[in-house]
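# Survey of secondary and tertiary structure
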Amino acid sequence: MYYAGPNGIQSYIAGVNLSDWFKEAMESRNAENQRLGITSSQEDYFKKQRLMQEAINQLKSTGVVSPEITKEIDINALKKSLEGEDSGESSATSMLSGNESKSQISAKNSTLNAGYQSLKEKLLLSKTTQSQEQEKVQETKQENKSPILVQASFLPPKNIDSKTASAFNPLEIDETSEISQNSVSFIDEVSGKKVNVPLSEENAKNLIEKFGSLEAASDYVKGWYYDAAYTAGYLENDIDGDGKINLDEGIRLKNLVSLITGKHSSFAESLPLDTQAQKKLLETLGYEDNIADFINKSIARDKNFDSNLSLDEMFEHDKELVAFKISASFTSITEGNFSAASLSFDILVIQHSNFDFTQDFLSEFLQNLFNNQNSQENTSSKSQENPQESLELLDNESLQEILNNLTAIKNKAFLEHLNPKDFASLQKSQTIFDNLLQKEFI
């Protein structure tokens, strides 16, 4: 066998491994590798090394070498080199180097070693730089990622009271009901009723393209049904049971989502306006007066069909978004297991609206409603109890500024409302951490 000697293939491979980094650079050359490229003579040297290694592999497995390699490599000399007890590495090297002297070979190997180390360092540096750049890009993507405001799930919501579960449902069907072609049917697992959601032609087309069929999209549609029926409250707030939501019922729909807490709330709960002003504002902004339209709007806005609505997806076609900033002493924030009361403001976004006005008009309209209410003798009890309340419509620039500082805002609110004992503990922990960072561990 050709590998019986004490040096044999191990000695040869040691020489071949000298150029592993060079070969990788040659086989997958990007712009950086080309800039750091090796010389043509070195390239020939490594080509011959690869052929010799392949010849050795063929001799080991079949005992013969392919004609393509025999044209380039002296196979008999290679066999003698590998069979020799004392000539393993030096003989193999001499085959690569022709008739060069040992000193010349040593000098060449020394040069190659230096080149190898230099290239390895440069490639490692390049790889590290590329990795750092990729991390920066990923961090930027995360920072610029639009926050998720609404999340739908095909799992039935919990803690729904029996009155709501048994409320009139305009989507309920039985064996005698006529069902349109562009619709999805399923069981409402909260009420146990079978319901059918009629879809717009565009939504039906998009769902078939995404899921293959409307039947396959059943769970996806069910998630948005649960969102409309129980989170927004279309069943609970249809007081007269006619399947339509009037203005008195509409101001009680949970159609507002907090950017700070993620909590859903209604005009009646959250806006510092009296009932008539709330109704005027809702009428001006527009709203979906039935559950089917609300579901279809959610599906139409969920561009990537991930059962979430991000802030970007809630923008209208003209890139305008209805967002209120309210300043009030009663606003609260909950973050994880921590609760911080009396945050100075909250940002509320309308999940769905149908307005055809400019934001300048809406802003002026809202301020007139708020100012007129406060100028009247009989203001709402909410305003009397909280005279420092304010309400404004945010333009996109102001909203974006708040979004950019949202984490800092939450952190500040959390720190401001820690009790002295917890704040002292946190401060002590931070001091220890900062001191550790200043130590040299390597």
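This text follows the structure it describes.
Residues numbered from 1 in each chain as written. Predicted model: local features only at pLDDT ≥ 70, side-chain atom pairs only at ≥ 80, totals over all residues. Heavy atoms only, no water.

### Some words on empty space enclosed by the protein
According to the stated counting rule, one finds five cavities of 30 Å³ or more in the structure shown. Estimated volume of the largest cavity: approximately 50 Å³. Forming the walls of the largest cavity are Phe168, Pro170, Tyr234, Leu235, Asp238, Gly243, Ile245 and Ile291. For the lining of the largest cavity, the per-class residue count stands at six nonpolar, one polar and one charged. (1 Å grid on protein atoms, 1.4 Å probe; cavity = no way out; pocket = protein on both sides within 12 Å on 5 of 7 lines; lining within 4 Å. Points joined across faces, edges and corners; volume = space filled by probe spheres on them. Nonpolar A, V, L, I, M, F, W, Y, C, P; charged D, E, K, R; others polar.)

### Considerations on the packing of aromatic side chains
A ring pair, where both rings are aromatic, is described by two values, the distance of the centres and the angle of the planes. Evaluation of the coordinates by the stated rule reveals ten aromatic pairs. Centre to centre, the rings of Tyr225 and Tyr230 are 6.5 Å apart; their planes meet at 85 degrees, and the pair counts as edge-to-face. A single burial state applies to Tyr225 and to Tyr230, both of which are buried. Measuring from ring centre to ring centre gives 6.4 Å for Phe267 and Phe324, while their planes differ by 90 degrees; the resulting arrangement is edge-to-face. A residue pair is termed long-range when its members are at least 10 positions apart, and Phe267 in helix H13 (residues 267-270) and Phe324 in strand E7 (residues 323-327) qualify at 57 residues. Note on Phe324: relative accessible area 1%, which makes it buried. In textbook terms, an aromatic cluster arises when at least three aromatic residues are bridged by ring pairs, as seen for Phe186, Tyr225, Tyr226 and Tyr230. (Phe/Tyr/Trp six-rings, centres within 6.5 Å; stacked < 30°, edge-to-face > 60°. Buried < 20%, exposed > 50% of the residue type's maximum accessible area, 1.4 Å probe, protein only. Helix = DSSP H or I, 4+ residues; strand = E, 2+ residues; numbered from the N terminus.)

### Regarding the sheet that holds strand E4 (residues 256-258)
Strand order in this open sheet of five strands is E5-E4-E10-E7-E11, and the pairing throughout is antiparallel. Each edge of the sheet is formed by a strand with only one pairing partner; in this case those strands are strand E5 (264-265) and strand E11 (390-393). Note: E7 against strand E10 (residues 345-350), five bridges, orientation antiparallel. What sits directly across from Lys325, in E10, is Ile347. (Pairing = 2+ DSSP bridges.)

### Quick look at helix H10 (residues 201-211)
Because an α-helix packs 3.6 residues into every turn, residues spaced three or four apart end up facing the same way. Considered for burial, the residues of H10 that qualify are Asn203, Ala204 and Leu207. Along H10, the residues classed as buried sweep out an arc of 100 degrees about the axis, all on the same side. Opposite the packed face of H10, turned more than 90 degrees from it, sit the exposed residues Glu201, Glu202, Lys205 and Glu209. On its buried side, H10 packs onto helix H11 (218-231) and helix H15 (291-301). (Arc of directions from axis to C-beta. Contact = heavy atoms within 4.5 Å.)

### Some words on the nonpolar core
The biggest cluster of nonpolar side chains holds 73 residues, and the ones touching the most others in it are Tyr225, Leu271 and Phe324. Counting residues per element, this core draws most heavily on H11, which supplies eight residues. If near-sequence neighbours (up to four positions away) are discounted, Tyr225 is found in contact with Asn169, Leu171, Phe186, Asp188, Val195, Val197, Tyr230, Leu235, Ile291 and Ile295. The next biggest cluster of nonpolar side chains, apart from the first, holds nine residues, and it includes Ile56, Leu59, Val65 and Leu78. (Core = buried A, V, L, I, M, F, W, Y, C linked by side-chain atoms within 4.5 Å.)

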